[in-house]
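Fold and geometry: a report
Residue-level listing of the chains:
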Amino acid sequence: MPLPQLPRRPRGARTATALLTGALLLIATPSAPAASTATAHTSPGASAAPSAVQVNQLGYLPDGPKRATVVSPSTTALPWRLRDAAGRTAASGTTAVRGADAASGQSAHLVDFSSYQRTGTGYTLTVDGRTSHPFDIRANLYDGLRADSMSFFYQQRSGIPIEASLAGAAYARPAGHLGAAPNQGDTTVPCVSGVCDYAQDVRGGWYDAGDQGKYVVNGGLAVWQLVNSFERAKRTGHAAALGDSTLRVPERGNRVPDVLDEARWELEFLMRMQIPEGKPRAGMAFHKVHDAAWTGLPTRPEQDAEPRELHAPSTAATLNLAAAAAQCARVYAPYDAAFAARCLDSARRAWAAAQANPDVLAPGSDSTGGGAYDDSEVGDEFYWAAAELYATTGEARYRDAVTSSPYQTASDVFSPFGFSWQATGALGRLVLATVPNGLPAADLARVRASVVSAADAQLSRMAGQGYAVPLPSDGYVWGSNGQVANNGTVMAVAYELTEQRRYRTGALETLDYLLGRNALGQSYVTGYGDRASQNQHHRFWAHQYDASLPNPPAGSIAGGANAGLQDPVAVEKLQGCAPAACYIDDIGSYSTNEVAINWNAPLAWLAAFAAERG
Ligand code: 9MR
């Protein structure tokens, strides 16, 4: 097993060139919009003047933290006033001067009105003649986002019609990729040249993002987070809110919690990606399936005419499958024992295949028609899979794999940049810290302490900033909102482990950042907030390019600020941006404004946490 190279962070820079090239080629194809079309749309960008009193535009929980950031060069404290919808003063005070903020490049003051605990809608905060977007203070603040951010996954489903009765008329569409022309997948998909001599049925699952590729490492991470969210809620007595008939999914009423119904759609796909017994490298998982060439925007899923191809199996994908399937075996057991057993069998076979093929790496160069999702270090995937298999089975061989892994003791498994599809060691720690298992007490204590100290590090990082973001100022990479949300989930787990309020505060302030308390005054979540993203990069929700198509549905989170400027729109419009301001709500900016299952999953996780009461 290769030695760990820690810490690691998502490497946008290396793989981006290939994706960028793909997109530039795409712009030249007739079905794709010309570059000039993409830039002609008026859409709010980094340069649009935001309100300088930045709040969570959805609002605040009555018993939660309530802080805002004011952009002001003043070096002395400023008076603030909280007004209710009728314009009456509800509270007032003075700001705390924070000064220069590296990530935003702004000079910041902080307002703290946490002690105001009354409820209402339409509050505003005024400082120095400038007034925030309106916001609510109410206990059921996150109920809608919990449902919408989870329903995002239904709308990303491949291989099933999206029903108007569930998604709304604008979002209804026929099933994509079920072998009906012009689709050429996903029911009998051949491999790229030289990889296999058969075709496999890999229907179903979720489309990854704005593209219609399906990638095992990212699917495994996202489905793990949804199931983990349910397992956490159940552990803490809040499972009912995610139970049967709580979401807009076709399986409503089957007595299985809806979030598990949704996750199963992806788990079944992941297991279809496993190489069958009797074939070379049986038990491994194909790394990904996607179009042979990048399709243009818009392309409705059922209209995608590109051939689909299976790409070479990888150790990382195989271990991702092992981890997600092992978790499935444990969590689905009370609801569907046969399915749980099938998951466990798949997980065991994947683990054995990964051990037999420990260094089959997905290359960064494989990014024509789909993303590379490359990973050069899989010791962390071994650790995560072993942790899940051990938590589910209690078997000595998986325990030994956990305890002999360098990731069990490494001090930097929780990177400040957050875990990701590429860096999964933290997931192993989270499983072992929360799911009952037979590790010796001292080992368990150490694992739990590592989660809490990671949360402490996030809190102190937040305390040093103008916007309290759980991300360092050099952490604004492709998908930074996903990294921020992932770090928020770590603080929420620390809250569960310790019941110390400051960790809940950190997790809730993570949502404040995503919902508008940031350098741009931008809520990154469609439908949530006065100034919310709506033109995220997507081939079907492509309203900005084709008025007959919808915008992304409510509850879809944009990738977020990315200082790398890795798409043509970002390059043209965002030159010179401060890291946290490198974002534009334009459909062409896939490196700042795409949606993706691995970013919506931690949003859904956090929204479910924040929605819990009592
Ligand atoms: O989220 C991925 C990010 O970490 C990488 O830097 C980037 C470039 O390789 O790719 C991102 O993932 C994209 C994937 O490759 C294809 N589907 C859309 C994903 C989100 O943009």
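Residues numbered from 1 in each chain as written. Predicted model: local features only at pLDDT ≥ 70, side-chain atom pairs only at ≥ 80, totals over all residues. Heavy atoms only, no water.

Looking at an unreviewed UniProt entry, one finds the chain named Endoglucanase and attributed to Streptomyces malaysiensis subsp. samsunensis. Quoted verbatim from the Catalytic activity (unreviewed entry) field of UniProt, the annotation for the chain is "Endohydrolysis of (1->4)-beta-D-glucosidic linkages in cellulose, lichenin and cereal beta-D-glucans." Quoted straight from UniProt, the Sequence similarities (unreviewed entry) entry for the chain says "Belongs to the glycosyl hydrolase 9 (cellulase E) family." (UniProt positions renumbered as here; feature names shortened; annotations may be inferred.)

Here D567 shows up in the loop between α14 (501-514) and α15 (568-573). A polar side-chain atom of D567 sits 3.0 Å from the main-chain amide nitrogen of V569. (Helix = DSSP H or I, 4+ residues; strand = E, 2+ residues; numbered from the N terminus. Polar contact = N/O pair within 3.5 Å; in protein donor to acceptor, adjacent residues only side chain to side chain.)

What follows covers the packing of helix α7 (residues 315-331) against helix α8 (residues 337-356). Between α7 and α8, the shortest axis-to-axis distance is 7 Å and the interhelical angle comes to 150°. Classed by the angle they form, the pair α7 and α8 counts as roughly antiparallel. For the element pair α7 and α8, the recorded crossing hand is left-handed. On α8, the residues that touch T315, T318, L319, L321, A322, A325, A326, C328 and A329 of α7 are F339, A340, C343, L344, S346, A347, A350, W351, A353 and A354. Classifying every residue of the contact of α7 with α8 gives 16 nonpolar, 3 polar and no charged. (Axes fitted to C-alpha atoms, helices over the stretch in contact; angles between N-to-C directions. Parallel < 35°, antiparallel > 145°, perpendicular 65-115°, else oblique. Left-handed = near helix turned anticlockwise from the far one by under 90°. Contact = heavy atoms within 4.5 Å. Nonpolar A, V, L, I, M, F, W, Y, C, P; charged D, E, K, R; others polar.)

Before going further, it helps to spend a moment on the state of the cysteines. All told, the structure shown has 3 disulfides when counted by the stated rule. Between the sulfur atoms of C191 and its disulfide mate C196 the distance is 2.0 Å. For the disulfide bridge between C191 and C196, the dihedral angle about the S-S bond is near 100°, and by the sign convention the bridge is right-handed. The two residues C191 and C196 agree in class, both being buried. Between the sulfur of C328 and that of C343 lies a disulfide, 2.1 Å long from S to S. (Disulfide = S-S within 2.5 Å. Buried < 20%, exposed > 50% of the residue type's maximum accessible area, 1.4 Å probe, protein only.)

Counting buried positions over the 5 residues of strand β3 (residues 67-71) gives 4, a clear majority of the element. Sheet analysis places strand β1 (residues 53-54) next to β3, joined by 2 bridges and oriented antiparallel. Bridge assignment links Q54 to a residue of β3, and that residue is T69. Two strands pair when backbone bridges link them, and β3 and strand β7 (residues 106-112) are joined in this way by 5 bridges, in the antiparallel orientation. When the bridges of β7 are listed, V70 appears paired with H109. (Pairing = 2+ DSSP bridges.)

Right, let's talk about the pattern of salt bridges for a bit. Enumeration over the complete set of coordinates arrives at 31 salt bridges. One salt bridge in this structure joins E388 and R330, with 2.9 Å as the shortest N-O distance. Taken together, the positions of E388 in helix α9 (residues 379-393) and R330 in helix α7 put the pair 58 residues apart, joining distant regions of the chain. The exposure class assigned to E388 is buried, which follows from its relative accessible area of 0%. Classification of R330 by relative accessible area gives buried; the value is 16%. Salt bridges linked by common partners bring D186, K214, D291, D304 and R308 together as one network. (Salt bridge = Lys/Arg side-chain N within 4 Å of Asp/Glu carboxyl O.)

The next point concerns the packing of helix α13 (residues 480-498) against α14. Any two packed helices are characterised by how steeply their axes cross, that is the angle between the axes, and by the distance between the axes. In the contact formed by α13 and α14, the axes pass within 7 Å of each other and the chain directions differ by 160°. Taken together, the axis directions place α13 and α14 in an arrangement best described as roughly antiparallel. The two elements α13 and α14 cross, and the hand of that crossing is left-handed. On the side of α13, the interface is formed by N481, V484, A485, G488, M491, A492, A494, Y495 and T498, while α14 contributes R501, Y503, R504, G506, A507, T510, Y513 and L514.

This brings us to the UniProt feature "active site" (unreviewed entry) in the chain. Cross-referencing UniProt, the feature "active site" (unreviewed entry) maps to H537, D585 and E594 in the present numbering. Over a stretch of 58 residues, the named residues converge on one spot in the fold, their C-alpha atoms separated by at most 9.3 Å. Along the chain, the position of H537 falls in the loop between α14 and α15. Excluding residues that lie within four positions of it along the chain, H537 makes contacts with G210, L297, I587, G588, Y590, N593, E594 and V595. At 2.7 Å, the side chain of H537 and the backbone oxygen of I587 are in polar contact. Along the chain, D585 falls in the loop between α15 and α16 (590-593). In terms of polar contacts, D585 uses its side chain to reach the backbone amide nitrogen of Q534, at 3.0 Å.

You can see G521 is positioned in the loop between α14 and α15. Judged by relative accessible area, G521 falls into the buried class, the value being 0%. A sequence separation of 388 residues divides G521 from H133, and the C-alpha atoms of the two residues are 8.7 Å apart.

Read from one edge of the open sheet, 3 strands run β13-β14-β15, paired in antiparallel fashion. Because the sheet does not close on itself, it has two edges, and the strands there are β13 (214-215) and β15 (308-314). Bridge analysis of β13 against strand β14 (residues 285-291) gives 2 bridges, and the strand direction is antiparallel. The residue of β14 that forms the bridge with K214 is V289. Those strands touched by α7 are β14 and β15, and its axis lies near 105° from that of β14.

With that settled, consider the nonpolar core. The nonpolar side chains of a soluble globular protein tend to be buried, and buried together. Counting 163 residues, the largest nonpolar core has Y142, Y332 and W351 as the members making the most contacts within it. No other element matches the 12 residues that α7 contributes to this core. Setting aside residues up to four positions removed in sequence, W351 forms contacts with L319, A322, F382, A385, A386, L389, Y398 and A401. If you look at the next biggest cluster of nonpolar residues, it comprises 17 residues, including V55, Y60, L82 and F135. (Core = buried A, V, L, I, M, F, W, Y, C linked by side-chain atoms within 4.5 Å.)

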